[in-house]
Amino acid sequence: MTDRHTAGHFPLGDRTVKRLGYGAMQLAGPGVFGPPKDYATALAVLREAVAAGVDHIDTSDFYGPHVTNLLIREALHPYPANLVIVTKLGAVRGADASWIPALTPADLTRGVHDNLRNLALEALDVVNLRVGGIHGPSDGSIEAQFTTLAELQRQGLIRHLGLSNVTSAQIAEGRRIAPVVCVQNNYNLAHRADDALIDELAAEGIAYVPFFPLGGFAPLQSSTLSEVATRLKATPMQVALAWLLHRSPNILLIPGTSSLAHLRENLGAGELVLPDAVLAELDTVGRGTMPG
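These figures come from a predicted structure and were not determined experimentally.

1. A closer look at the overall build of the chain
- For the chain, the count of helices and strands is 10 helices and 11 strands.
- The globule rule puts the C-alpha radius of gyration for 292 residues at 19 Å, and the 18 Å found for the chain is close to it.
- If one aligns the C-alpha atoms of the chain with their principal axes, the spans along those axes are about 55 × 45 × 35 Å.
- Expressed as a percentage of its 292 residues, the buried residues of the chain come to 55%.

2. Section: the packing of helix α3 (residues 105-119) against helix α4 (residues 143-154)
- Two elements in contact, α3 and α4, have axes separated by 9 Å at closest approach and are oriented at 40°. When the axes of α3 and α4 are compared, the pair comes out oblique. With respect to the hand of their crossing, α3 and α4 are arranged in right-handed fashion. Residues Pro-105, Leu-108, Thr-109 and Val-112 of α3 lie in contact with α4, whose contacting residues are Gln-145, Thr-148, Leu-149 and Leu-152.
- Its residues placed into classes, the contact of α3 with α4 shows 5 nonpolar, 3 polar and no charged.

3. Considering the packing of aromatic side chains
- Going through the model one piece at a time under the given rule, you end up with 5 aromatic pairs.
- Ring geometry for Tyr-187 against Tyr-208: centres 5.8 Å apart, planes inclined by 85°, an arrangement best described as edge-to-face. Remark: Tyr-208 occurs in strand β11 (residues 207-208) and Tyr-187 occurs in the loop between β10 (180-184) and α6 (195-204); sequence separation between them is 21 residues.
- Assessed through its relative accessible area of 0%, Tyr-208 is described here as buried.
- Ring geometry for Phe-211 and Phe-212: centres 5.2 Å apart, planes at 85°, overall edge-to-face.
- Owing to a relative accessible area of 17%, Phe-211 belongs among the buried residues under this scheme.

4. Quick notes on the sheet that holds strand β4 (residues 56-58)
- Strands sit in the order β3-β4-β5-β8-β9-β10-β11 across an open sheet of 7 strands; the sheet is parallel. Edge positions in the open sheet fall to β3 (22-23) and β11, since each of these has one partner strand only.
- Direction of pairing for β4 relative to strand β5 (residues 84-89): parallel, over a ladder of 3 bridges. For His-56, the partnering residue across the bridge sits in β5 and is Val-84.

5. As for the pairing of β10
- The buried fraction of β10 amounts to 5 of the 5 residues, a majority that puts the element mostly inside the structure.
- Note that strand β9 (residues 158-164) and β10 share 4 bridges and pair parallel. Within β10, the position partnered with Gly-162 by the bridge is Cys-182.
- Between the parallel elements β9 and β10, the chain passes through helix α5 (residues 168-177) in a crossover that is right-handed.
- A crossover connection joins β10 to the parallel β11 through α6; in handedness this β-α-β unit is right-handed.

6. A short note on helix α9 (residues 260-268)
- Of the positions making up α9, those classed as buried are Leu-263, Glu-265, Asn-266, Leu-267 and Gly-268.
- Contacts made by the buried residues of α9 are with β3, α1 (39-51) and α8 (236-247).
- A side-chain oxygen of the first residue of α9 lies 3.2 Å from the backbone nitrogen of Ala-261; this N-cap is Ser-259.

7. Side note on the pattern of salt bridges
- Overall, the coordinates contain 12 salt bridges when judged by the stated rule.
- Taking the shortest distance from any N to any O, the salt bridge between Asp-107 and Arg-110 comes out at 3.3 Å. Within this pair, Asp-107 and its partner Arg-110 are both found in helix α3, separated by 3 residues, close to a single helical turn.
- Residue Asp-107 is classed as partly exposed on the basis of its relative accessible area, which comes to 23%.
- Across the salt bridge formed by Glu-204 and Arg-175, the nearest N and O atoms sit 3.3 Å from each other. In this pair, Glu-204 sits in helix α6 while Arg-175 sits in helix α5, placing the two residues 29 residues apart along the sequence.
- Glu-204 sits in the partly exposed class, given a relative accessible area of 48%.
- Three or more residues joined by partner-sharing salt bridges are found here, namely Arg-192, Asp-195, Asp-199, Arg-247 and Asp-283.

8. Focus: unusual backbone geometry
- Of note, the bond from Gly-64 into Pro-65 is cis; its omega dihedral lies within 30 degrees of zero at -10°.
- At the junction of His-77 and Pro-78, the peptide bond is cis and its omega measures out at 0° in the coordinates.
- By the element assignment, Pro-78 lies in the loop between α2 (67-76) and β5.
- Positioned with a positive phi, Ala-120 is a non-glycine residue whose angle comes to about 60°.
- Summarising the element assignment, Ala-120 is placed in the loop between α3 and β8 (124-130).
- Looking at Ala-120, the relative accessible area reads 26%, which means it is partly exposed.
- Not every positive phi belongs to a glycine, and Lys-233 is a case in point at roughly 60°.
- In this structure, Lys-233 sits in the loop between α7 (223-232) and α8.

Reading the values: the criteria
- Residues numbered from 1 in each chain as written.
- Predicted model: local features only at pLDDT ≥ 70, side-chain atom pairs only at ≥ 80, totals over all residues.
- Heavy atoms only, no water.
- Helix = DSSP H or I, 4+ residues; strand = E, 2+ residues; numbered from the N terminus.
- Rg over C-alpha atoms; globule rule 2.2 N^0.38 Å.
- Buried < 20%, exposed > 50% of the residue type's maximum accessible area, 1.4 Å probe, protein only.
- Axes fitted to C-alpha atoms, helices over the stretch in contact; angles between N-to-C directions.
- Parallel < 35°, antiparallel > 145°, perpendicular 65-115°, else oblique.
- Left-handed = near helix turned anticlockwise from the far one by under 90°.
- Contact = heavy atoms within 4.5 Å.
- Nonpolar A, V, L, I, M, F, W, Y, C, P; charged D, E, K, R; others polar.
- Phe/Tyr/Trp six-rings, centres within 6.5 Å; stacked < 30°, edge-to-face > 60°.
- Pairing = 2+ DSSP bridges.
- Right-handed = clockwise from strand over helix to strand, strands pointing away.
- Polar contact = N/O pair within 3.5 Å; in protein donor to acceptor, adjacent residues only side chain to side chain.
- Salt bridge = Lys/Arg side-chain N within 4 Å of Asp/Glu carboxyl O.

Now the structure itself:
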């Protein structure tokens, strides 16, 4: 049986974290822009997550912008010694809430310093370079961008590097420049294009962190998922998260929410046991989305 405390651990850089973490994106306003709908609840969600045993939080200074990092700082600073905060670079926000690529050396350097200031840190635990856009990864070299981050790492401003929204070729290119401790791509029960990649990274001891583990802006909807959840006396979202925990030992989960009730629901996913027959049943959900 697994639960939020015993669902296992996996290395993230030089730390080992519990596999069920928290993603802060939804703490910002609608469209991940502007202040939270309920400021006090946003702080309470962060504090309860850590009190419940969460030891890694995913964020970015372009959530808000600056909103989630400032909330994390207010809620949790000085940070618990075991807390790993993972942030990402590669975009900024326009006044109209648009997402604007920010991948020049100057952009990335500025982004590191913005994250350090807003999180009140002397060094960032993990920085992911976000490469692709809203429609997924895009091909192209990441040498210039990742080299910039590797230099900032050598300066002591970043402890570990990761990649987000990337192709297998870009991961290989990044690893020739500096160690990659995690990859963050779109993956869930219904969107499984990275199946082979997950297994490859597991063999290399690299964490895979699925963003949109519950479908993101288009929440997962499946009659099979709903039927399984009913039988297990759980919610569909709990089953979807539990499936990810069963999928591979290198998967770290960062489900996000701005609701205390949903936080508790998400953390409860670790308590679910999925028998082999149920796993096989759920496996059919993603077959229609698998590449040929």
